[in-house]
Protein chains: 2
Amino acid sequence: MADQTTSLPDLPADDLAAFREQQQAAYDALLGRGLSLDLTRGKPSTEQLDLSDGLLSLPTSVKDGDGVDVRNYGGLNGIREIREMFGELLGIEPGQVVAGGSSSLVMMRETLVDLWLHGAVDSERPWSAEEKVTFICPVPGYDRHFTLLSWLGIDTVTVPMTDDGPDVEAVARLAASDPTIKGMWLVPTYANPTGQVTTQEVAARLVSMPTAAPDFKIFWDNAYALHHLTAEETKSADVLSLAAASGNPHRPIVFASTSKITYAGAGVAFLAGSPETVAWWTGHLGKGSIGPDKLNQLRHVQFFGSPDGVRDHMRQHREVIAPKFAAVLEVLQERLGGTGVATWTDPRGGYFVSLDVLPGTASRVIELAKGAGVALTPAGSAFPGSHDPDDTNIRLAPTFPVLAEVREAMEAVATCVLLAAAEKLAGN
Amino acid sequence: MADQTTSLPDLPADDLAAFREQQQAAYDALLGRGLSLDLTRGKPSTEQLDLSDGLLSLPTSVKDGDGVDVRNYGGLNGIREIREMFGELLGIEPGQVVAGGSSSLVMMRETLVDLWLHGAVDSERPWSAEEKVTFICPVPGYDRHFTLLSWLGIDTVTVPMTDDGPDVEAVARLAASDPTIKGMWLVPTYANPTGQVTTQEVAARLVSMPTAAPDFKIFWDNAYALHHLTAEETKSADVLSLAAASGNPHRPIVFASTSKITYAGAGVAFLAGSPETVAWWTGHLGKGSIGPDKLNQLRHVQFFGSPDGVRDHMRQHREVIAPKFAAVLEVLQERLGGTGVATWTDPRGGYFVSLDVLPGTASRVIELAKGAGVALTPAGSAFPGSHDPDDTNIRLAPTFPVLAEVREAMEAVATCVLLAAAEKLAGN
């Protein structure tokens, strides 16, 4: 039997063949178990959703703090109390926060459409009037970000993620040299899927760097700002203040939501930016909206009571999901540690573990896992065009299944990683 | 004193001068009363909103009829039960209905953006790639429809409304001759603001007429399908079946919502079309959305119980608002009947009374009313570009104020109509 602390790439051919047979047998055993497990998407579990069921019988009154009946039309910016609550949590002035419907992704789409059709407050023309528009995409990243770009016909150029956030030297070089580069995506706190936190220093550089395009935008998707997995509770970089201080106040547009705080389908989403950006955004919104669901906003205000209510609530989430992340890391360490065919992240927050397997085997691992009844995020999905140039990255999302299933799924994944590596190393 | 059954345009100069002085005195008296009344927008009143307060403690369970947890992500088409409920109410197969968020206006904007960026299932190219795009707008019409067109840079051409719906001969002539004409707006049942119902015959002609553009679209905004003011409860024309039978199944796109059934800010919106149109629409939606607020959809399903629950609920609305419409018509008849300076509609449903005053005086009436503390919809707002060529139309929205205020506001409006007419007829 191969010692799993022996690096597989260093094994003699005979040992490798034996190892492969062993993993094949383990895989064949998996097939007989009829698993049906899903690690594909960052969805809250039932136990997490239950934490917010106080919402179901709220609100107990229908006027907001300004006396506005939230059941009726109006209020494009959203109600003041929820902008104050999440403004404090995100470190942003409430006047610079817009509270919208249930989806921050929809707010991102609307923002891109506004830029495309009309340009930003600092644009020379609508982006659709440019010969070409390109976005910088740190990779691995969030597939839905890339899908939006492709829907609009926006090109992409990738940069690596580092421990401090995106590779800021690479970003600065690209942004300075190419006027078609109009913006970038970033999940600053607990990156999707790699978990890094963009530091205050990197954020300062991103908002102050010279850009060839006068209207360069940072889509600062702070989806996991409050989603800590440890007691550390990292604070996000204060990108709007940094941008204002750098003389580029309109560069960042901040997004956040309660999708993974309350309900994934029925939360409240937020957009924030410079006062001019907020006025620009609601101006376009008002061309085709009479206001968001303020009732759901008031429901959330009454449920949480205060920003501390949200923080306490997030600690309850942590109690549910931190053990699942621990289980993922335990199985990875036990089964893949020292094998030389896998590395993975140890996130302090967010919803994912990013697993890098032997280059050229990620698709095979995902195919094997599927065959064994374990659904993984499709190969390459963390890259624009679903093209992972090294076929190495797999995004693991352990929040949705119950703990026992997470462990069971990860045991299966580990077997698939080892079998695919053995196949690859054997030249097939 | 002038007899109000005497037509003002026929009065001798002296009598007209006396009449004008009388109305000026009445107006001056109004100024002293410090009114603050609002007939501007079609908003439900507090009493109407209260009818739906059963929603506030729903849902009592969180799974839909298919066992899906509505608190989580997913389900782009909306939950089956609400599509069935409103499909029956609208006479549309549930599979051809999409249930969305809280705003049908947002669904219209999204549809126009999809057409603009990508074209329809029967388009040769994206609408943005056309040299010019034009929409037919029946007038008077809904200002927010026109605003959306202007936001996208779509041109407009107007046709009159008739008792049977839009002037279908005029529409057919325009659509047949001009390939830049890509679509039209229509509020088919209880038009905004004129109240007419588009007949089955007119609808049949609209969906079968030859069009120069292969991808001509009817934006069938059935916002008031269920909003009857009499026991008649008119049924809307079955536009999707007629279109399919005519071989133009993709021509109509239907919109509706519960904004004026439950809550104006927190209802459920619907889109419907051919199966291909629905697939096209959700396909684009899925590029930037993970699904609508299904919880609010389930909340509505549980609140109504059945389509008959919705019908009963609408009768309660009618009891609240029909007296307000009656008050508007009474004051108009008492004060303006026989004066020869005003005509108005007598709607069987919907949210508006459309008042036509002496040509050239609508702006002045609205200005006078504002001075007296009565807010009316801005002059011209029922026309594209806010340009009422005859300066004659005023949209009255009596649902929001309480009954006594409706009467008080209408008395003031009548005074303003008469004063403005007297000024005009006197040559000043």
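Residues numbered from 1 in each chain as written. Chains lettered and ligands numbered in written order. Predicted model: local features only at pLDDT ≥ 70, side-chain atom pairs only at ≥ 80, totals over all residues. Heavy atoms only, no water.

### Brief notes about the overall build of chain A
The following threshold applies: Helix and strand labels come from DSSP, where a helix needs a run of H or I of at least four residues and a strand needs a run of E of at least two; each type is numbered from the N terminus. With the radius of gyration taken over C-alpha atoms, the globule rule is written as 2.2 Å times the number of residues to the power 0.38. Whether a residue is buried, partly exposed or exposed follows from its accessible area with a 1.4 Å probe, protein chains only, as a fraction of its type maximum: under 20%, in between, or over 50%, in that order. It only takes one pair of heavy atoms within 4.5 Å for two residues to be counted as in contact. Areas reported here follow the Shrake-Rupley algorithm with a probe of radius 1.4 Å; residue values treat only the protein chains shown as occluding. Think of it this way: Lys and Arg go in the positive column, Asp and Glu in the negative one, and His and the chain ends go nowhere. By convention, the point assigned to a charge is CZ for Arg, NZ for Lys, CD for Glu and CG for Asp.
A count of helical and extended segments in chain A gives 13 helices and 13 strands. Taking 22 Å as the expected radius of gyration for a compact globule of 428 residues, we find that chain A reaches 23 Å, a close match to that expectation. For the C-alpha atoms alone, the extent of chain A along its principal axes is close to 75 × 55 × 35 Å. Here chain A holds 428 residues, and the buried ones make up 61% of them. When contacts within chain A are restricted to residue pairs at least 6 apart in sequence, long-range pairs at least 24 apart make up 77% of them. Entry remark: accessible area of chain A is about 15,100 Å², with carbon and sulfur atoms responsible for 49%. Distance from the positive charge centre (33 side chains) to the negative charge centre (53 side chains) of chain A: 6 Å.

### Quick look at the side chain of K217(A)
Residue and element names in this part refer to chain A. Our working definition: Counting of polar contacts relies on pairs of N or O atoms within 3.5 Å, with two restrictions inside protein: one atom must be capable of donating a hydrogen and the other of accepting it, and residues adjacent in sequence are counted only when both atoms are side-chain atoms.
Within the secondary structure, K217 is located in strand β7 (residues 217-221). Note on K217: relative accessible area 2%, which makes it buried. At 2.9 Å, the side chain of K217 and the side chain of D122 are in polar contact. Look past the residues within four positions of K217 in its chain and what remains in contact with it is A120, D122, W127, K182, G183, M184, H250, R251 and I253.

### Topic: the interface of chain B and chain A
Selection criterion: Accessible area that two parts lose when put together, evaluated with a 1.4 Å probe and summed over both, is termed the buried area. Any Lys or Arg side-chain nitrogen located within 4 Å of an Asp or Glu carboxyl oxygen qualifies as a salt bridge.
Between chain B and chain A, the contact holds 52 residues from the first and 52 residues from the second. Buried surface at the junction of chain B and chain A, summed over both partners, amounts to about 4,300 Å²; 55% is from carbon and sulfur atoms. For chain B, the biggest contributors to the area lost against chain A are R71(B), Y73(B) and W151(B); these three give 20% of the whole. Here chain B is connected to chain A by six salt bridges. Between D50(B) and R71(A) there is a salt bridge; the shortest N-O distance is 2.8 Å.

### Quick word on the pairing of β7(A)
All names here are of chain A. Under the convention used in this document: Here is how to tell: hold the view so the strands point away, follow the path from the first strand over the helix to the second, and if it runs clockwise the crossover is right-handed. Two strands are counted as paired when DSSP detects at least two bridges linking them.
Within β7, five of the five residues are buried, which leaves the element mostly enclosed by the surrounding structure. Once the chain exits strand β6 (residues 181-186) it traverses helix α7 (residues 200-208) before rejoining the sheet at β7, and the crossover so formed is right-handed. Relative to strand β8 (residues 252-257), β7 is paired through four bridges, and the arrangement is parallel. Residue pairing in the sheet places I218 in a bridge with P252 of β8. Handedness of the crossover joining β7 and β8 through helix α8 (residues 239-245): right-handed.

### A short note on empty space enclosed by the protein
Operational definition: Any residue with an atom within 4 Å of a point lines the site, the site being either a cavity, points on a 1 Å grid over the protein atoms alone where a 1.4 Å probe fits but cannot get out, or a pocket, an open set with protein on both sides within 12 Å along at least 5 of 7 lines. Grid points are joined across faces, edges and corners, and a volume is the space filled by probe spheres set on the points. The residue classification treats Ala, Val, Leu, Ile, Met, Phe, Trp, Tyr, Cys and Pro as nonpolar and Asp, Glu, Lys and Arg as charged. All others, Gly included, are polar.
With the rule as written, the count across this model stands at 13 cavities of 30 Å³ or more. Along the wall of the largest cavity there are 39 residues; nearest its centre are G101(A), S102(A), V106(A), G101(B) and S102(B). Those elements that place two or more of their residues in the lining of the largest cavity are β2 (97-99), α4 (104-118), α9 (275-285) and α10 (294-304) of chain A together with α4 (104-118) and α9 (275-285) of chain B. By residue number, the principal contributor to the lining of the largest cavity is α4(A), which donates four residues. Partitioning the lining of the largest cavity into residue classes produces 17 nonpolar, 17 polar and five charged.

### Describing the pattern of salt bridges
Following the criterion strictly, the structure yields 48 salt bridges over all chains and no others. Of the charged contacts, one joins R125(A) and E130(A) as a salt bridge, the two residues approaching to 3.1 Å between their closest N and O atoms. Look at R125(A) and you get partly exposed, because its relative accessible area is 34%. Across the pair R41(B) and D143(B) runs a salt bridge, and its minimum N-O distance is 3.1 Å. On the criterion of sequence distance, the pair formed by R41(B) in the loop between β1 (37-38) and α2 (46-50) and D143(B) in helix α5 (residues 143-152) is long-range, its members being 102 residues apart. A residue is classified by how much of its surface remains accessible, and D143(B), at 15% relative accessible area, is buried.

### Quick notes on the packing of helix α12 (residues 362-371) of chain B against helix α13 (residues 403-425) of chain B
Residues and elements named next belong to chain B. What counts, and what does not: Only the stretch in contact is used when fitting a helix axis, every axis being a line fitted to C-alpha atoms; angles between N-to-C directions are given from 0 to 180 degrees. Our angle categories are set so that under 35 degrees counts as roughly parallel, over 145 as roughly antiparallel, 65 to 115 as roughly perpendicular, and the remainder as oblique. Note on convention: near helix rotated counterclockwise from far helix by under a right angle means a left-handed crossing. Clockwise means right-handed.
One can describe the packing of α12 onto α13 by two numbers: an axis separation of 9 Å at closest approach and a directional angle of 130°. The pairing of α12 with α13 is recorded here as oblique in orientation. When you trace α12 past α13, the crossing you get is right-handed. Here R364, V365, L368 and A369 of α12 lie close against α13, whose contacting residues are C416, V417, L419, A420 and E423. Split into classes, the residues belonging to the contact of α12 with α13 amount to seven nonpolar, no polar and two charged.

### Quick word on the layout of surface pockets
Over the atoms a probe the size of a water molecule is rolled, and this reveals where empty space is left. What counts, and what does not: Where each domain begins and ends follows an automated or database-derived domain assignment.
One number sums up the size of the largest pocket: a volume of about 430 Å³. Taken together, 24 residues make up the lining of the largest pocket; nearest its centre are L89(A), L90(A), L226(A), K235(A) and S236(A). Of all the elements in the fold, those that place two or more residues in the lining of the largest pocket are α3 (80-90), α8 and α11 (307-336) of chain A. Its residues assigned to classes, the lining of the largest pocket shows eleven nonpolar, six polar and seven charged. Both domains that furnish three or more residues to the lining of the largest pocket are identified here as domain 1 (8-48 + 311-426) and domain 2 (63-306) of chain A. Counted as a void, the second largest pocket has a volume near 320 Å³. Lining of the second largest pocket is provided by 16 residues; of these, L89(B), L226(B), T234(B), K235(B) and S236(B) occupy positions nearest its centre. Only α3 (80-90) and α11 (307-336) of chain B provide two or more residues apiece to the lining of the second largest pocket. In terms of residue class, the lining of the second largest pocket is made up of six nonpolar, five polar and five charged.

### Regarding the confidence of the model for chain A
Under the convention used in this document: A score between 0 and 100, pLDDT records how confident the predictor is in each residue.
Mean pLDDT over chain A stands at 97; residues scoring 70 or higher make up 99%. In the model output, the complex is listed with pTM 0.97 alongside ipTM 0.97.

### Some details on the relation of the copies chain B and chain A
One copy of the chain maps onto the other through a rotation about an axis followed by a shift along the same axis. To keep it simple, the criterion reads: Here the copies are superposed with least squares, the fitted atoms being C-alpha atoms of residues at a pLDDT of at least 70 in both.
With an RMSD of 0.0 Å, the operation that places chain B on chain A is a rotation of 180° combined with a shift of 0.0 Å along the axis. Such a combination of turn and shift is consistent with a two-fold rotation axis. Measuring from the rotation axis to each C-alpha of chain B, the shortest distance belongs to S57(B), at 2.0 Å. In this assembly the copies share their binding face: 100% of the residues contributing to the interface of chain B also contribute to that of chain A.

### What to know about the environment of P188(A)
Residue and element names in this part refer to chain A. Its location among the elements puts P188 in the loop between β6 and α7. What makes P188 buried here is its relative accessible area of 0%. In this structure the C-alpha to C-alpha distance between P188 and L152, which are 36 residues apart in sequence, comes to 24 Å. In this view, P188 contacts Q196, V197, T198, W220, D221 and N222; residues no more than four positions away in its chain are not counted.

### A few points about the domain arrangement of chain A
Residue and element names in this part refer to chain A. Split into domains, chain A comes out as domain 1 (8-48 + 311-426) and domain 2 (63-306). Once you take the C-alpha centre of each, domain 1 and domain 2 turn out to be 31 Å apart. Taken together, the contact between domain 1 and domain 2 spans 27 residues of the former and 32 residues of the latter. Interface area, domain 1 with domain 2, both sides summed: about 2,600 Å², of which 60% is carbon and sulfur. A per-residue breakdown of the area domain 1 buries against domain 2 is headed by M314, R348 and P384, which together make up 24% of the total. Here domain 1 and domain 2 share four salt bridges between them.

### Brief notes about the environment of A256(A)
Residue and element names in this part refer to chain A. Tracing the sequence through the fold places A256 in strand β8. When its relative accessible area of 7% is taken as the criterion, A256 is described as buried. Between the C-alpha atom of A256 and that of A17, which follows or precedes it by 239 residues, the distance is 50 Å. Ignoring anything within four residues of it in the chain, the contact list for A256 reads L90, S104, N222, A269 and F270.

### A short note on the sheet that holds strand β10 (residues 342-344) of chain A
Residue and element names in this part refer to chain A. If you trace the three strands from one edge of the open sheet to the other, you get β10-β11-β13, paired in antiparallel fashion. Either end of the sheet is taken by a strand with one partner, and the two such strands are β10 and β13 (393-396). Taken over all neighbouring pairs, the strand axes of this sheet differ in orientation by 25° on average, direction set aside. Two elements, β10 and strand β11 (residues 353-357), share three bridges in a ladder whose sense is antiparallel. Following the sheet pairing, T343 is matched in β11 by D356.

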